[in-house]
Amino acid sequence: RGLGQRHVRAVARWRGRPVVATSDGAFALRDGVFEPVDLGGNPCGDRIASLEVFGDALWAGSFDRGLCRFDGTSWARWSGQGHLPSDMVHDMTAASDRLWVATHRGVAVVSEDGSIEQSTVEDCRLPGRRDCPWHATVNGVTTDAKTGAVWMADVGSVPRIGERRWRHFYRQAGIRSPRLTRIAAWFGHVAVGTGDSGVLLLEKGRTFVPVDDQQGVADNWVMDLAYDDRGRLWVG
């Protein structure tokens, strides 16, 4: 209750309360009802696309105004080419001492001290470089809590980053959709959402196999997906 017809884009639990990102600001759950929450004048605006908790701070990714951090008292903001590949943030995940930020033009990696490194498809055009996405837009990023590996979904390939080394899954591994949307990982299991082929599930750590509307998925356009703490996969 309390959200009405607002478009919900992300959910995070920060300091004991669920916080929901919508296209009309942030809402926090109190006594079973979502109420608008004043986050102190978020410089990223009301169109929040992603939320994540990192370093005890709440991080908000904007639809078009970059990345913002709220420490409970004040905000800090990163935007522009000097900080992010794009001010359109699609997804975020906290992994150990880093925050991985998926944007419309590449990925940004935030350290605990607030410094940011960027990785874009242009980096892969340099000789010997593999620590970068293979397509410009990165739509999803997630962390496997058991292995510590970070998984990404750019629009057409799946990079895996373990111990800061990148491995790419592409067409030979079953990534044949050019419309990857989101990614989730749990204890070695990996699921990729697509905009045209349902869900791609990683089998035996090598090949992604599609599961679509002919096998029980409600629709082949998957906007989000996640594993719960029992290993069940939920698909939106």
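Scroll up a little and you will see the structure.
This section reports on the structure supplied with the text. This structure is a prediction, so every number in the text was calculated from the model and none was measured.

1. Some thoughts on the pairing of strand β14 (residues 150–154)
Here's step 1: For β14, the tally of buried residues reaches five of five residues, placing the bulk of the element in the interior.
Here's step 2: Side-chain alternation along β14 places V150, M152 and D154 on one buried face and W151 and A153 on a second face that is also buried.
Here's step 3: As paired strands, strand β13 (residues 138–143) and β14 are joined by five bridges and run antiparallel to one another. What sits directly across from T142, in β14, is W151.
Here's step 4: As defined by bridge partners, β14 adjoins strand β15 (residues 158–162) across two bridges and the pair is classed as antiparallel. Bridge pairing in β15 links W151 to R160.
Here's step 5: In this antiparallel pair of consecutive strands, β14 and β15, the connection spans three residues.

2. Let's talk about the pattern of salt bridges
Here's step 1: Inspection of the entire model under this criterion finds eight salt bridges.
Here's step 2: In this structure, the salt-bridge partner of R30 is E35, at a minimum N-O distance of 3.5 Å.
Here's step 3: Judged by relative accessible area, which is 34%, E35 ranks as partly exposed.
Here's step 4: Here R125 and E122 are joined by a salt bridge, their closest N and O atoms 3.9 Å apart.

3. Details of the sheet that holds strand β10 (residues 98–103)
Here's step 1: In spatial order, the strands read β9-β10-β11-β12; together these four strands make up an open sheet with antiparallel pairing. The two strands at the open ends of the sheet, each matched to only one other strand, are β9 (89–95) and β12 (116–119). Taken over all neighbouring pairs, the strand axes of this sheet differ in orientation by 20 degrees on average, direction set aside.
Here's step 2: Across six bridges, the pairing between β9 and β10 is antiparallel. Looking at the pairing, A94 lines up with L99 of β10.

Here is what the cut-offs are and how they apply
Residues numbered from 1 in each chain as written. Predicted model: local features only at pLDDT ≥ 70, side-chain atom pairs only at ≥ 80, totals over all residues. Heavy atoms only, no water. Buried < 20%, exposed > 50% of the residue type's maximum accessible area, 1.4 Å probe, protein only. Helix = DSSP H or I, 4+ residues; strand = E, 2+ residues; numbered from the N terminus. Pairing = 2+ DSSP bridges. Salt bridge = Lys/Arg side-chain N within 4 Å of Asp/Glu carboxyl O. Axes fitted to C-alpha atoms, helices over the stretch in contact; angles between N-to-C directions.

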